[in-house]
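The lines below spell out each chain.
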Amino acid sequence: MAPKAPIVPTTRAALLAALAAPLALVLAALAPAAWIIAPLLGLALLALVLLDALLAGRLIDARLIAPDDAEVGEPLQIAVLADLPTGRPAALEAALALDPRLAAGGTARFPLRSHLDTWQGAAQLTPHRRGPAPIAGLTLRWTGPLGLGARQRTFVQDRTVRIWPSLALVRSTDLQLFLRESESGLIARRMRGEGSQFEALSEYQPGMDRRRIDWKASARHTHLYAREYEAERNNPIVFALDCGRAMCEPVAGLPRIDRAVSAALAAAWVALKGGDRAALFGFAARPEVATPFVTGTAAFARLQRAAAMLDYSPAEPNFTLALATLAGRLQRRSLIVVFSEFPDPTSAELLLDAVARLARRHVVLFVTMADEELAGLADKAPADMARLAEAVAADGLLRQRQLVIARLHALGVEVVEAPHGEIGMRLIDAYLAIKRKGTIG
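Here's what I pulled together on the structure shown here. (Residues numbered from 1 in each chain as written. Predicted model: local features only at pLDDT ≥ 70, side-chain atom pairs only at ≥ 80, totals over all residues. Heavy atoms only, no water.)

In this section: the overall build of the protein. The number of helices and strands found in the protein is 12 helices and 20 strands. Within the protein, the fraction of its 441 residues that count as buried is 44%. About 22400 Å² of surface is accessible on the protein, with carbon and sulfur atoms providing 58% of the total. (Helix = DSSP H or I, 4+ residues; strand = E, 2+ residues; numbered from the N terminus. Buried < 20%, exposed > 50% of the residue type's maximum accessible area, 1.4 Å probe, protein only. Areas by Shrake-Rupley, 256 points an atom, 1.4 Å probe, with all protein chains shown as cover.)

Here we come to the pairing of strand 2 (residues 61-65). Only one face of strand 2 is buried, namely the one carrying Ala-62 and Leu-64, since none of Asp-61, Arg-63 and Ile-65 on the opposite face is buried. Taken together, the 5 bridges between strand 2 and strand 4 (residues 76-83) define a ladder with antiparallel strand orientation. Residue Ala-62 lies in a different strand from strand 4, and its bridge partner there is Ala-82. (Pairing = 2+ DSSP bridges.)

So, about helix 9 (residues 345-359). Here helix 9 is 15 residues long and its end C-alpha atoms lie 21 Å apart, about the 21 Å a rise of 1.5 Å per residue gives. Restricting attention to buried positions, one finds in helix 9 the residues Ser-347, Ala-348, Leu-351, Leu-352, Ala-354, Val-355, Ala-356 and Leu-358. (Expected span 1.5 Å × (residues − 1).)

Turning our eyes to something else, we now look at a nonpolar patch on the surface. Residues Ile-7, Leu-40, Leu-43, Leu-46, Leu-50 and Leu-54 make up a contiguous nonpolar surface patch of roughly 550 Å² in combined accessible area. Looking at the nonpolar patch element by element, the count peaks at 5 residues for helix 2 (residues 37-55). One can find Ile-7 in strand 1 (residues 7-9). (Patch = residues over 30% accessible without salt bridge, like charges linked within 9 Å, V, L, I, M, F, W, Y side chains within 5 Å. Salt bridge = Lys/Arg side-chain N within 4 Å of Asp/Glu carboxyl O.)

Okay, here's the thing in structure tokens:
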């Protein structure tokens, strides 16, 4: 037998009770002998509340339908089905007690609609952080036809939704079309003319780079021949992600680190499709996650699981320790894609020193998200002195940022700076350009 649901007054009943109080005072002042009417009115209202709640009917059962897995920043739906075959409820509302990763404040409320004897409803949620998100409880509240009394019942839940990094870019039509068109895509065409791996000799044509002429072969055949190269495969690619304080700050509702992880996984998917090897490295105050190199798209899930383990750290990143540890793990020249931010001059100097040491042996690609908030403050016409001071400060920070980027370029580091919505495709473009040059191996 289902447990009884307690009866509670509604907001409408509370308002009626509040209006009855001054009426009772006026009645007591004008006709003291009629004081008995006031408590009788109160009892009548209480009786209506009880009767209305009983008319609402009895809840037989309720079921929660939630996915086991979801992706950060991507919408998900949690549905509730309630069996209420008796009574005449005017409305039924569900409230979920869940992890703040799923909804701000840890609660979600939504109405249920009647469909024969079953009431149905769903909450549309968008997770804003990775990790396990438990759903602790479900509370149903349904009111009677008068809207004065309600019944309420709570169901303890033991459900957990695992929030993974977003793979929206990997699944996107744009990337699939890009892969089909790309020289490193699904059709796996050989990239001739650039790269480092010798492929074949071809007849020299006007406009070709003269440095590609094979003079020995040309002398042997008394005709000019040029060397063709194939871009080398099996290149080691490391995605190094800063999980420190600055990268945990939100951009358009999601932490920078989650947007960086999504871009890194999309680029890793393209790299694995193109025959290269990929690894993931996460760090904050110390190295936190390090995967071995994997090959083939079948191993992509391993990178996804490792990316889900990257924690949100309030500490400042230790670039020196992290990048030195990473360099010590690498046995051959690799492409290292570093995702980070430099909010102040001190962290920028530490970052530059660590990257400079890394760039002596490896190819380094630095990825950062354009600070659209600062740009907006700097470009906005100031209406008063306070706004003018904000604009001047924002412009100074942007200039400092561009100076750091210029110094990275001077070190021979490729830099990708783009708005958060474009960072993934811009990273893939940069990776393919580096691969075509054949500078990794």
